[in-house]
Amino acid sequence: MAPVPPGIRLLVSFNRDQWYRALTFALTFLLYTSFHLSRKPISIVKSELHRNCSSATELATVASSGSGHQEPSVSSLHTDVDCSWKPFDKSNYKQLLGAMDYSFLCAYAVGMYLSGIIGERLPIRLYLTVGMLTSGLFTCLFGLGYVYNIHNLTFYIVVQVANGLVQTTGWPSVVTCIGNWFGKGRRGLIMGLWNSHTSVGNILGSLIAGYWVSSNWGMSFIVPGLIIAAMGVVCFLFLIERKFSPLIGRLSEHACRNRVFTSRCPCALQSYDTELLLPRDSMCVPLQPVVVVKSKSEPSAISFMGALRIPGVIEFSLSLLFAKLVSYTFLFWLPLYITKAAHLDAKRAGDLSTLFDVGGIVGGVLAGVTSDKLGKRASTCAVMLLLAAPMLYGFSMISEFGLGPTIGMLLVCGGLVNGPYALITTAVSADLGTHKSLKGNARALSTVTAIIDGTGSVGAAVGPLLAGLLSAGGWHRVFYMLMTADFLALLLLLRLVMKELTSSKSRPISAVE
């Protein structure tokens with residue numbers, strides 16, 4: 001007999017539970033990658049909108065001064081073609097763009113608190129599918145503003161608010177799914193690898209938006225919108241929310257020993273979803289009826305105040321507020337800053353800004369591995385926040401001295417800024433959502449995740465808005481604001497850090513037990 005190929009031996013070495021776990025990991029990774037992919041285009045398109053206006057003004061001035069007389073046709077031509085995108089062609093363009101960011105992020109922050117509570121009471125698969133389809137719709141609508149030549153600021157703000165609300169369906173849902181399938185063992189490493197979807201989505205969003213930004217920026221939104229909508233369909237078809245009940249699995253195995261096989265009748269014990277997860281070598285009916293009596297009632301979803309009383313939720317939530325303020329300021333304003341500091345066009349600035357996200361991938365994994373090894377989540381975050389502040393100051397100084405130093409600082413700052421942010425929103429949220437005080441109530445995970453990320457999203461809303469206001473007086477003010485936010489995030493973790501350092505034994509999530 002011919003030997004079994006090694007690849008096939010590898011495939012059959014995994015059991016069904018491991019395959020479903022791998023599917024959940026990969027699928028939720030791709031789903032949330034598409035969420036961030038659809039958020040990134042606005043930061044790429046910003047610099048292009050204003051650059052056109054500036055270029056048109058300069059070109060018109062040169063044309064009129066070079067010829068000794070007025071040339072209305074040339075001037076009006078350039079104004080109509082290059083500088084017609086209102087209302088972002090005015091001197092207060094930074095404030096207008098900041099307000100547009102704020103409208104999205106403020107709606108996201110408010111909606112996040114409600115999303116976790118709603119998500120605990122609805123099927124996650126359907127809830128996430130609807131959110132992704134509607135998010136794709138609103139992302140495409142923003143791009144259609146270019147196609148149909150819409151210059152009304154209200155239109156763009158309304159679309160941003162609606163998109164911010166529906167995008168809140170994403171994070172609590174995917175974290176709940178991944179938390180249901182993966183236990184606490186090596187959670188920091190697993191979550192660190194999994195959370196790289198944020199940076200991967202930002203990178204892909206930058207590259208996709210940058211491809212069309214100079215020729216047709218509407219496509220910079222339409223293509224990501226179609227991608228997230230398509231992933232919503234994939235979610236509906238393939239997402240498995242949680243493991244099937246071991247009790248039902250054992251009962252099914254017991255019943256199959258006493259079955260008469262038939263070609264059409266499924267086991268009466270199995271619900272539709274559970275049936276799909278159990279072995280289906282044959283369809284059968286039991287000879288004797290089996291009655292399942294629940295020993296206790298299904299645990300109820302946790303209340304908002306009940307989630308706040310979990311030890312560590314408030315401290316990590318407030319710390320994330322300032323950590324996410326820094327991360328999202330970079331997300332929305334870094335390409336524009338690079339165009340001004342390094343004097344690059346919109347596409348090259350967008351491509352260069354992806355290095356910040358590359359550093360973020362490394363930082364997230366490093367934070368997860370370190371916190372697993374040391375058993376100190378809060379201390380890991382604190383060290384990275386402490387190092388991030390001086391690095392941000394260094395980046396503001398070095399970025400004006402050439403491309404090489406800028407690349408290096410982008411990688412370092414990306415790792416230090418996104419490391420704590422990634423750790424808190426993933427491993428820490430999952431730890432707190434399965435805290436021992438909950439006595440095994442897994443239905444709290446979505447609410448806890450929503451509270452932590454919702455509080456962080458308040459900072460994400462405030463950061464880009466402040467950046468738009470402060471940058472009018474110079475970019476150095478923005479960096480001072482970012483450094484201050486990093487120190488405040490560090491201060492809010494000090495109590496948990498002291499608890500970890502004074503603990504008699506080192507073990508994972510010691511600050512949140």
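Residues numbered from 1 in each chain as written. Predicted model: local features only at pLDDT ≥ 70, side-chain atom pairs only at ≥ 80, totals over all residues. Heavy atoms only, no water.

**Student:** Please provide a residue-by-residue account of the overall build of the protein, values included.
**Tutor:** A tally of regular secondary structure across the protein gives 21 helices and 2 strands. Buried positions account for 52% of the 513 residues belonging to the protein. At a minimum sequence separation of 6, the contacts of the protein that also span at least 24 residues come to 83%. Put simply, the protein shows about 22700 Å² of open surface, and 68% of that area lies on carbon and sulfur atoms. (Helix = DSSP H or I, 4+ residues; strand = E, 2+ residues; numbered from the N terminus. Buried < 20%, exposed > 50% of the residue type's maximum accessible area, 1.4 Å probe, protein only. Contact = heavy atoms within 4.5 Å. Areas by Shrake-Rupley, 256 points an atom, 1.4 Å probe, with all protein chains shown as cover.)

**Student:** Which residues make up a nonpolar patch on the surface, and what values go with them?
**Tutor:** Judged by side-chain polarity, Val4, Ile8, Leu10, Leu11, Val12, Phe14 and Trp19 come together as a nonpolar surface patch covering roughly 660 Å² of accessible area. Looking at which element gives the most residues to the nonpolar patch, the answer is helix 1 (residues 6-12), with 4 residues. (Patch = residues over 30% accessible without salt bridge, like charges linked within 9 Å, V, L, I, M, F, W, Y side chains within 5 Å. Salt bridge = Lys/Arg side-chain N within 4 Å of Asp/Glu carboxyl O.)

**Student:** Got a sec to walk through the pattern of salt bridges? Specific residues and values, please.
**Tutor:** Applying the stated criterion across every chain, the model contains 5 salt bridges. Two residues, Arg21 and Asp17, come together in a salt bridge whose shortest N-O distance is 3.1 Å. Residue Arg21 and its partner Asp17 are located together in helix 2 (residues 16-39), separated by 4 residues, close to a single helical turn. A relative accessible area of 24% places Arg21 in the partly exposed class. Since its relative accessible area comes to 28%, Asp17 is described here as partly exposed. Of the charged contacts in the structure, one is a salt bridge between Glu315 and Arg495, with a shortest N-O distance of 2.5 Å. Within this pair, whereas Glu315 is found in helix 15 (residues 313-341), its partner Arg495 is found in helix 21 (residues 494-501), the two being separated by 180 residues in sequence. Classification of Glu315 by relative accessible area gives buried; the value is 17%.

**Student:** Just give me the short version of helix 2, but keep the residues and values in it.
**Tutor:** The first and last C-alpha atoms of helix 2 sit 35 Å apart over 24 residues, in line with the 34 Å expected at 1.5 Å per residue. For helix 2, the side-chain oxygen to backbone nitrogen distance between the N-cap and Asp17 is 3.1 Å, and the N-cap itself is Asn15. (Expected span 1.5 Å × (residues − 1). Polar contact = N/O pair within 3.5 Å; in protein donor to acceptor, adjacent residues only side chain to side chain.)

**Student:** For the packing of helix 10 (residues 197-212) against helix 16 (residues 346-374), give the residues involved together with the corresponding values.
**Tutor:** Closest axis-to-axis distance for the helix 10/helix 16 pair is 8 Å, and the angle between their directions is 170 degrees. Looking at the two axes, helix 10 sits roughly antiparallel to helix 16. Every residue of helix 16 that contacts helix 10 at Ser199, Val200, Asn202, Ile203, Ser206, Leu207 and Gly210 is listed here: Lys347, Gly350, Asp351, Ser353, Thr354, Asp357, Val358, Gly360 and Ile361. For the contact of helix 10 with helix 16, the residue count by class is 5 nonpolar, 8 polar and 3 charged. (Axes fitted to C-alpha atoms, helices over the stretch in contact; angles between N-to-C directions. Parallel < 35°, antiparallel > 145°, perpendicular 65-115°, else oblique. Nonpolar A, V, L, I, M, F, W, Y, C, P; charged D, E, K, R; others polar.)

**Student:** Give a description of the packing of aromatic side chains that names residues and reports values.
**Tutor:** With the rule as written, the count across this model stands at 21 aromatic pairs. Ring centres 5.3 Å apart and planes at 65 degrees place the aromatic pair Tyr337 and Phe479 in the edge-to-face group. Residue Tyr337 is found in helix 15, and its partner Phe479 is found in helix 20 (residues 475-492); the two are separated by 142 residues along the sequence. Each of the two residues, Tyr337 as well as Phe479, counts as buried. In this structure an aromatic cluster arises from ring pairing among Phe330, Trp333, Tyr337, Phe356, Phe395, Trp475 and Phe479. When the ring centre of Trp333 is taken as reference, the NZ or CZ atom of Lys46 above it lies at 4.0 Å. Seen from the ring of Phe236, Arg125 lies directly overhead, with NZ or CZ sitting 5.0 Å from the centre. (Phe/Tyr/Trp six-rings, centres within 6.5 Å; stacked < 30°, edge-to-face > 60°. Lys NZ or Arg CZ within 6 Å of the ring centre and 35° of its normal.)

**Student:** Would you mind going over the side chain of Ser327 in detail, with residue names and values included?
**Tutor:** Secondary-structure assignment places Ser327 in helix 15. What Ser327 contacts, discounting residues up to four positions off in sequence, is Val417, Asn418 and Tyr421.

**Student:** Describe the side chain of Thr354, listing the residues and the values that go with them.
**Tutor:** Considering the arrangement of structural elements, one finds Thr354 in helix 16. With a relative accessible area of 9%, Thr354 lands in the buried category. There is a polar contact of 2.5 Å between the side chain of Thr354 and the backbone oxygen of Asp351. Excluding its chain neighbours within four sequence positions, the residues that come into contact with Thr354 are Ile203 and Ser206.

**Student:** Any chance you could break down the confidence of the model for the protein for me, citing the residues and the numbers?
**Tutor:** Residue-level pLDDT values for the protein average 78, and 75% of them are 70 or greater. Put simply, helix 4 (residues 72-82) is where the protein has its lowest mean pLDDT, 41, and helix 11 (residues 219-238) is where it has its highest, 96. The low-confidence segment residues 52-81 (pLDDT under 50) makes 15 contacts with residues lying over four places distant or belonging to another chain. Within the model, pLDDT remains below 50 along residues 290-296, and this stretch shows 5 contacts once partners closer than five positions in the same chain are excluded. (pLDDT = per-residue confidence, 0-100.)

**Student:** Which residues make up the nonpolar core, and what are the values?
**Tutor:** Counting residues in each nonpolar core, the largest one holds 105 residues, and the members touching the most others are Phe330, Phe395 and Leu482. Per-element accounting of this core gives the leading share, 15 residues, to helix 15. Not counting residues within four places of it along the chain, the set of residues in contact with Phe330 comprises Pro335, Phe356, Leu392, Phe395, Phe479 and Leu482. (Core = buried A, V, L, I, M, F, W, Y, C linked by side-chain atoms within 4.5 Å.)

**Student:** So what about the state of the cysteines? Which residues, and what values?
**Tutor:** Throughout this description, disulfide means a covalent bond between two cysteine sulfur atoms. Evaluated as defined, the whole model comprises 0 disulfides. Cys177 takes part in no disulfide bond, and the closest cysteine sulfur to it belongs to Cys235, at a distance of 7.6 Å. A relative accessible area of 0% places Cys177 in the buried class. (Disulfide = S-S within 2.5 Å.)

**Student:** Explain the packing of helix 2 against helix 8 (residues 170-181) to me, and be specific about the residues and the numbers.
**Tutor:** With their axes 10 Å apart at the nearest point, helix 2 and helix 8 run at an angle of 165 degrees to one another. It follows that helix 2 is roughly antiparallel to helix 8 by the angle criterion. The two elements helix 2 and helix 8 cross, and the hand of that crossing is left-handed. In contact with Asp17, Tyr20, Arg21, Thr24, Phe25, Thr28, Tyr32 and Phe35 of helix 2, helix 8 contributes Gly170, Trp171, Val174, Cys177, Ile178 and Trp181. Taken together, the residues of the contact of helix 2 with helix 8 sort by class into 9 nonpolar, 3 polar and 2 charged. (Left-handed = near helix turned anticlockwise from the far one by under 90°.)

**Student:** Any details on the environment of Ile407? Residues and values, ideally.
**Tutor:** The topology assignment puts Ile407 in helix 18 (residues 403-433). Among the residues examined, Ile407 registers a relative accessible area of 30% and is labelled partly exposed. For the pair Ile407 and Ser353, spaced 54 residues apart in sequence, the C-alpha separation works out to 8.9 Å.

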